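# Structure assessment
So you can see what is in the structure, the chains are spelled out below.
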Amino acid sequence: MSSLKKYAIQFAITMISILLMLFLTTTLYYFNLITPITYNILKIITLLITLFINSFILGKKAKSKGYLEGIKLASIIIITFLVITLLTNKSFEFKYLIYYAIILITSILGGMIGISKKKEL
């Protein structure tokens, strides 16, 4: 399987799972089953868990250097989010840099743990 196809498939899986989890979270918030603070926390946790799991899967499929798989997936996600942010907002804020750094670190950790679990098996 070509490298580009592998990342495109993983990117699609990541985005679909993020959208499904956010749909569930938004539905719970709409029917007042969760508070606004819980809703905001769940949005971030949903994104991080989804990225971690998908980076973990990419790391298990990698031959070596799982952190690079995490960086590649995080880069694709960050570029996508950056384009969406720049198209919808008028200004770029510092909080977005922190958000993207957290995404990058989570994805790197997922890739590193994925490659280490592969070696244990």
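Numbers given to residues run from 1 along each chain, matching the order in which its sequence is written. Per-residue local features are limited, in this predicted model, to residues with pLDDT of at least 70; the limit for side-chain atom pairs, both in listing and counting, is 80 or more; totals at the level of whole chains, interfaces and linings are taken over all residues. Based on all heavy atoms of the structure, the side-chain values leave hydrogens and waters out of the count.

### What to know about the environment of Leu104
Cut-off, in case you're wondering: By the criteria applied, helices consist of DSSP H or I runs no shorter than four residues and strands consist of E runs no shorter than two, each listed in order from the N terminus. Relative accessibility under 20% of the residue-type maximum defines a buried residue, over 50% an exposed one, and the middle range a partly exposed one, all with a 1.4 Å probe and only protein chains included. Contacts are residue-level and defined by heavy atoms, with any inter-residue pair within 4.5 Å sufficient.
In this fold, Leu104 is placed in helix 4 (residues 94-120). Judged by relative accessible area, Leu104 falls into the partly exposed class, the value being 30%. Sequence separation between Leu104 and Leu73 is 31 residues; the distance between their C-alpha atoms is 8.7 Å. Dropping the residues within four chain positions of it, Leu104 is found in contact with Ile71, Ala74 and Ile78.

### A closer look at unusual backbone geometry
One non-glycine residue, Asn32, lies in the positive phi region at around 55°. For Asn32, the position within the fold is in the loop between helix 1 (3-30) and helix 2 (36-61). Take Asn32: its relative accessible area is 67%, and that puts it in the exposed class.

### Quick look at the confidence of the model for the protein chain
Stated formally: Confidence of the predictor in every single residue is expressed as pLDDT, which spans 0 to 100.
Mean pLDDT over the protein chain: 87, with 96% of residues reaching 70 or higher. Highest mean pLDDT in the protein chain belongs to helix 2 (90); lowest belongs to helix 4 (87).

### Things to note about the packing of aromatic side chains
Put simply, the rule is: Aromatic pairs are defined between Phe, Tyr and Trp rings, using the six-membered ring for Trp, whenever the two ring centres lie within 6.5 Å; interplanar angles under 30 degrees are classed as stacked, those over 60 as edge-to-face, and all others as tilted.
Under the criterion given, the structure shown has three aromatic pairs. Between the aromatic rings of Tyr99 and Tyr100, the centroid separation amounts to 6.0 Å while the plane-to-plane angle is 50°, which identifies the pairing as tilted. Judged by its relative accessible area of 31%, Tyr99 is partly exposed.

### Some words on the pattern of salt bridges
Cut-off, in case you're wondering: By definition here, a salt bridge exists when the distance from a side-chain nitrogen of Lys or Arg to a carboxyl oxygen of Asp or Glu is within 4 Å.
As enumerated under the stated definition, the model contains two salt bridges in all. Salt-bridge contacts for Glu69 lead to Lys6; the nearest nitrogen and oxygen are separated by 3.7 Å. Taken together, the residues Glu69 in helix 3 (residues 66-88) and Lys6 in helix 1 connect sequence positions 63 residues apart. Among the residues examined, Glu69 registers a relative accessible area of 8% and is labelled buried. Among the salt bridges present, the one from Glu93 reaches Lys95, with a minimum N-O distance of 3.7 Å. Classification of Lys95 as exposed rests on a relative accessible area of 52%.

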